[in-house]
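This is what each chain is made of:
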Amino acid sequence: MDSFLINGGKKLSGSVAISGSKNAILPVMAAALLCSGKCVLHNVPHLLDFKNMANLLVHLGAKVTHEAGTMTIDTCDINVWEAPYELVSKMRASIYVMGPLLGRLGKAIVSFPGGCAIGSRPVDFHLSAFEKLGARIMIEHGNIYGYCPDGLKGAVIDMPFPSVGATASAILCSVISEGETLIKNVALEPEIDDSLIDFLTLMGAKINRINDNELQIIGVKELYPAEMTMVSDRIEAGTFLLAGAITKSNITITNCEPKHQKSLLEKLEKTGCTFAQTQDTITIFPAETIKPIDITTAPYPAFPTDLQAQYMACMTLADGSCKIKETIYPDRFLQAAELNRLGANITVKDGTATVLGVKQLSGAEVMASDLRASAALILAGLVAEGTTKISRIYHIDRGYEKIEDKLGSLGADIQRIVAKR
Ligand code: UD1
């Protein structure tokens, strides 16, 4: 398995372009299943998750190409309705194919996505949305079986929680259901609003936002191929801003959406950082002394759980102590023990971490446990005195395109050690 070697302590400077959003592109790839033809997506980075999703679409009968940031998905011959364990187990977002398969083929078998390192991640809200729309759902032998004996019919779907994935599933399934669907308590994340809804609308779907968290969907008989440039990744953008904050470096991120960074910028301003923004760039001017500021993760527009680990890395060097409360995944603190190996002082209890800032981190061998925890360890490695070796970095390849090249171009000393195969 590949690993990263980081020699910490280098100041960073310059600018870095943010890639297309992983979490926005995955449901859009699944949306392509709803039409018969060739969809074209631009600004698609080369990430492991896209390779996995592409393999799943190919298994279902699609033809997928991905070159120079453009992905084409030809869905003329979708004729398989089963997403098997060996493909689904690589990526939970595989559940996104279930709604489109039910809509297009009237049946679907998707291997039950298991838990993962960041905690229990059930799919009950997805399944309940399919049932509301008329699908019969059964779970047996580790598979979810769905079929629609009487077709799909519009319904009222009231989400128990504004889940990103379940909102996407409910939308993907209802756009070609007969009649009107009302989805209440929907997720407001830009991956839904500025991406999936925009793409489906280009495909011919009729989706109206009737108030802040309710969507009205008028089902259509057919959807058509569409082409779109994908929104940039707000989590990658936030990670680079936090790289600026922790290394006390001026960094400009380009090709980003500043409006998606409000909660992070608000917190970082309180820590003492300042920012300059244009329509699609943000420059961070870091604080000389990092003030400790509490955060609580919650659904958008509040502080994202996907930046919690990276923010924690930054707080390990704050001048005092702060609390980090995780309300989305209460067990998502796997990075804490590894950061402590680098000299941090973090304790975790009942979904809240207390971070007592230290003067300096020191390089050590650490292990990446999941995607965002890996990013946190990289940030810590950039400032730790000496060398940090991070193993199991396949996690980072799921969601960050060539992070070592991007950080290297800013002046970081980071090297990928490719394991002998
Ligand atoms: C998405 C993101 C992930 C991010 C998360 C929260 C993708 C591919 N992944 O994951 O990076 O961390 O949003 O912003 O976009 N829940 C249930 N039942 C369900 C669905 C969710 O109980 O059927 C719970 C989850 O356990 C969790 C909360 O709802 O506690 C939020 O999860 P959700 O928003 O669904 O996350 P994902 O869509 O899986």
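Presented here is an overview of the structure given in this document.

Definitions and cut-offs
Residues numbered from 1 in each chain as written. Predicted model: local features only at pLDDT ≥ 70, side-chain atom pairs only at ≥ 80, totals over all residues. Heavy atoms only, no water. Helix = DSSP H or I, 4+ residues; strand = E, 2+ residues; numbered from the N terminus. Buried < 20%, exposed > 50% of the residue type's maximum accessible area, 1.4 Å probe, protein only. Contact = heavy atoms within 4.5 Å. Phe/Tyr/Trp six-rings, centres within 6.5 Å; stacked < 30°, edge-to-face > 60°. Lys NZ or Arg CZ within 6 Å of the ring centre and 35° of its normal. Polar contact = N/O pair within 3.5 Å; in protein donor to acceptor, adjacent residues only side chain to side chain. Near = heavy atom within 4 Å. Areas by Shrake-Rupley, 256 points an atom, 1.4 Å probe, with all protein chains shown as cover. Nonpolar A, V, L, I, M, F, W, Y, C, P; charged D, E, K, R; others polar.

Bringing the environment of G363 into the picture now. Relative to the helices and strands, G363 is located in the loop between strand 21 (352-356) and strand 22 (365-367). Residue class for G363 comes out partly exposed when judged on its relative accessible area of 26%. Taking C-alpha positions, G363 is 42 Å from G142, a pair spaced 221 residues apart along the chain. Leaving out residues up to four positions away in the same chain, G363 has contacts with L342, A384, E385, T387 and T388.

Our next topic: the packing of aromatic side chains. Inspection of every chain in the model, using the stated rule, returns one aromatic pair. The interplanar angle of 70° and the centroid separation of 5.4 Å between the aromatic rings of F303 and Y311 together place this pair among those described as edge-to-face. For the residue pair F303 and Y311, the accessibility class agrees, reading buried in each case. The ring of W81 carries the charged tip of K107 above its face, separated from the ring centre by 3.9 Å.

Before going further, it helps to examine the environment of D306. With respect to the secondary-structure elements, D306 resides in the loop between strand 18 (295-297) and helix 10 (308-315). The class for D306 is buried, based on a relative accessible area of 16%. Distance from D306 to L265, taken between C-alpha atoms, is 15 Å for residues 41 residues apart in sequence. Excluding residues that lie within four positions of it along the chain, D306 makes contacts with N23, I235, R332 and R372. At 2.8 Å, the side chain of D306 and the side chain of R332 are in polar contact.

With that settled, consider the site of the ligand. Around the ligand, the structure places 18 residues, and the nearest of them are D124, S163, G165, D306 and I328. Take R332: an N or O atom from its side chain is 3.5 Å from an oxygen atom of the ligand. Taken by itself the ligand offers 730 Å² of open surface, and the protein chains cover 85% of this. Elements represented by at least two residues in the shell around the ligand include exactly helix 5 (124-132) and helix 6 (164-174). When residues in the shell around the ligand are grouped by element, the largest group, three residues, is from helix 5. A breakdown of the residues in the shell around the ligand according to their chemical character gives eight nonpolar, six polar and four charged.

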